[in-house]
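For reference, the chains in residue letters:
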Amino acid sequence: MKVAVSVPDPVFQAAERVCRRMRVSRSRLYAEAVEAYVRLHSDDDITERLNKVYARTSSRLDPALEAASLEVLRRERWK
């Protein structure tokens, strides 16, 4: 798909240098850069959704399970 975007001159010039150094087309450079940016920020959505789920649900252990776990830990030999 063709897209027209505007970038500041210094960014464009730096991108052109990278294209020449890497011997890739401008289209490939921009596509890979956008793909990396999207991948980087896709976790933000997942984290936000998980935070909403955990905000509605208590993560507290059942008191009996918590007591049993603490007892096991007390008996454990720590190096």
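Residues numbered from 1 in each chain as written. Predicted model: local features only at pLDDT ≥ 70, side-chain atom pairs only at ≥ 80, totals over all residues. Heavy atoms only, no water.

**Notes on the environment of Trp78**
With respect to the secondary-structure elements, Trp78 resides in the segment after helix 3 (63–75). Residue Trp78 is classed as exposed on the basis of its relative accessible area of 64%. A polar contact of 3.4 Å, which involves the side chain of Trp78, links it to the backbone oxygen of Leu73. One polar contact links the side chain of Trp78 to the main-chain carbonyl oxygen of Glu76, over a distance of 3.5 Å. (Helix = DSSP H or I, 4+ residues; strand = E, 2+ residues; numbered from the N terminus. Buried < 20%, exposed > 50% of the residue type's maximum accessible area, 1.4 Å probe, protein only. Polar contact = N/O pair within 3.5 Å; in protein donor to acceptor, adjacent residues only side chain to side chain.)

**Some words on helix 1 (residues 9–22)**
Under the 1.5 Å per step criterion, the end-to-end length of helix 1 is 20 Å for 14 residues, consistent within 8% with the ideal 20 Å. Buried residues along helix 1 sit in contact with helix 2 (26–56). At the exit of helix 1 stands Arg23, carrying a positive phi of roughly 55°. (Expected span 1.5 Å × (residues − 1). Contact = heavy atoms within 4.5 Å.)

**What about the pattern of salt bridges?**
Evaluated as defined, the whole model comprises eight salt bridges. Close ionic contact of Glu32 with Arg28 constitutes a salt bridge, the shortest N to O distance being 2.7 Å. Of this pair, Glu32 and Arg28 are both found in helix 2, four residues apart, which corresponds to roughly one turn of the helix. Its relative accessible area of 47% is what places Arg28 among the partly exposed residues. A salt bridge links Glu48 to Lys52, with the shortest nitrogen-to-oxygen separation between them at 3.6 Å. Of this pair, Glu48 and Lys52 both sit in helix 2, four residues apart, which is roughly one turn of that helix. A relative accessible area of 44% means that Glu48 is categorised as partly exposed. One continuous salt-bridge network, built from bridges that share partners, spans Glu71, Arg74 and Arg75. (Salt bridge = Lys/Arg side-chain N within 4 Å of Asp/Glu carboxyl O.)

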